[in-house]
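If you want the building blocks of each chain, they are given just below.
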Amino acid sequence: VTPTYGQFVTLPLWPEGIPNQKVIEPEKAEATDMLRISNVHEPTVAVFLPAKNHATGQAVVVCPGGGYGILAYDWEGTDVAKWLNSKGIAAIVLKYRLPNSKNISHEAPLADAQRAIRMTRQYASDWNIDSGKVGIMGYSAGGHLASTAGTHYDRGEAKAENPIERLSCRPDFMVLVYPVISFTDEKICHKGSRRNLLGENPSKALKTYYSNELQITEDTPPTILIHAADDRSVPVGNSIVFYEGLQEKGIPSEM
């Protein structure tokens with residue numbers, strides 16, 4: 001399961017069976033200005049490793065965006081992985097399930113992100129990674145998923161039968177690039193992402209749960225946010241409210 005430098009391996013995220021999913025539907029891929037993948041029902045990770053003599057020991061789980069409707073798989077995924085490798089950083093590109101199918105719930109993307117972090121720690125020795133330097137990075141809706149993973153996590157279940165489930169899924173740091181953050185603030189909410197993840201009429205409780213600026217604690221990981229002030233797709237206010245929340249809790253953060 002270990003790739004050689006300049007190559008990558010793709011691994012199933014749930015080889016023992018995908019949770020809460022009984023039907024596998026055909027995946028779709030369209031290559032135009034970028035590779036758009038949709039209808040993801042079999043989540044995977046693509047593992048890109050830097051040369052050993054260049055490796056920093058850091059690893060980043062990369063979450064491509066696409067409004068929870070598609071994944072911009074190369075533009076915000078594999079291309080980013082190659083750039084991270086050039087800096088000595090291992091990159092694990094997550095192809096996560098998209099909840100625009102009746103067969104997939106809003107819980108699936110987060111479960112996939114948490115599993116990817118645990119898997120990276122499980123293979124840390126094989127992949128020349130420091131298990132205490134595993135972060136998560138996301139773009140747009142992938143930034144929402146990354147920030148959800150950084151605010152909704154557990155330390156692992158010590159008595160779990162599967163060793164991977166004993167590992168923490170808390171990322172050690174977050175890199176959020178023009179992220180979707182708030183589902184409760186109508187002025188800055190990216191409504192397409194909210195609709196695809198939660199449906200047409202989500203409850204107030206569900207919108208609050210996934211408004212990650214409201215879920216920051218003193219234990220939220222250090223974060224850097226990158227966002228253009230004139231972004232016409234995801235309002236920069238998403239990054240601002242998350243940054244302000246991090247500052248209020250004393251979390252090391254930059255924007």
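Residues numbered from 1 in each chain as written. Predicted model: local features only at pLDDT ≥ 70, side-chain atom pairs only at ≥ 80, totals over all residues. Heavy atoms only, no water.

Asker: Looking at this structure, how should I read helix α1 (residues 74-86)?
Answerer: Spacing of three or four residues puts side chains on the same side of an α-helix, whose turn is 3.6 residues. The sharpest bend along α1 comes to roughly 30°, located at Val 80. Looking only at α1, the buried set comprises Glu 76, Gly 77, Thr 78, Val 80, Ala 81, Leu 84 and Asn 85. Elements in contact with the buried residues of α1: β4 (44-48), β5 (59-63), β6 (70-72), β7 (90-95) and β8 (134-139). Once α1 ends, the next one or two residues include Gly 88, with phi positive near 85°. (Bend = angle between axes of the 7 residues up to and from the residue. Helix = DSSP H or I, 4+ residues; strand = E, 2+ residues; numbered from the N terminus. Buried < 20%, exposed > 50% of the residue type's maximum accessible area, 1.4 Å probe, protein only. Contact = heavy atoms within 4.5 Å.)

Asker: Please clarify how the pairing of β8 should be interpreted in this entry.
Answerer: Strand residues, when the strand is regular, have side chains that alternate between the two faces of the sheet. With respect to burial, β8 is a largely interior element, six of its six residues being buried. Here β8 shows two buried faces, one formed by Val 134, Ile 136 and Gly 138 and the other by Gly 135, Met 137 and Tyr 139. In this sheet, strand β9 (residues 174-177) lies alongside β8 in parallel orientation, the contact comprising four bridges. Bridge pairing in β9 places Ile 136 opposite Met 174. A crossover links β8 with its parallel partner β9, the connecting element being helix α3 (residues 141-151), and its sense is right-handed. (Pairing = 2+ DSSP bridges. Right-handed = clockwise from strand over helix to strand, strands pointing away.)

Asker: I tried to follow unusual backbone geometry on my own but got confused; where do I start?
Answerer: One can expect most non-glycine residues to show negative phi and most peptide bonds to be in trans. In the Ramachandran plot, Asn 20 falls in the positive-phi region, its phi being about 55° despite a non-glycine side chain. Here Asn 20 lies in the loop between β1 (8-12) and β2 (28-31). Positioned with a positive phi, Tyr 68 is a non-glycine residue whose angle comes to about 60°. Assignment of secondary structure puts Tyr 68 in the loop between β5 and β6. Residue classification places Tyr 68 among the buried residues on the basis of a relative accessible area of 1%.

Asker: When you look at the sheet that holds β6 in this model, what are you seeing that I'm missing?
Answerer: Pairing between the strands of a sheet comes from backbone hydrogen bonds, and it takes one of two forms, parallel or antiparallel. The three strands are arranged β2-β3-β6 in an open sheet whose pairing can be described as antiparallel. Strands with a single pairing partner mark the edges of an open sheet, and in this sheet they are β2 and β6. Taken pair by pair, the neighbouring strands of this sheet meet at an average axis angle of 20°, ignoring direction. Relative to strand β3 (residues 35-38), β2 runs antiparallel, the two being bridged by four bridges. Its bridge partner being in β3, Ala 29 is matched across the sheet by Ile 37. (Axes fitted to C-alpha atoms, helices over the stretch in contact; angles between N-to-C directions.)

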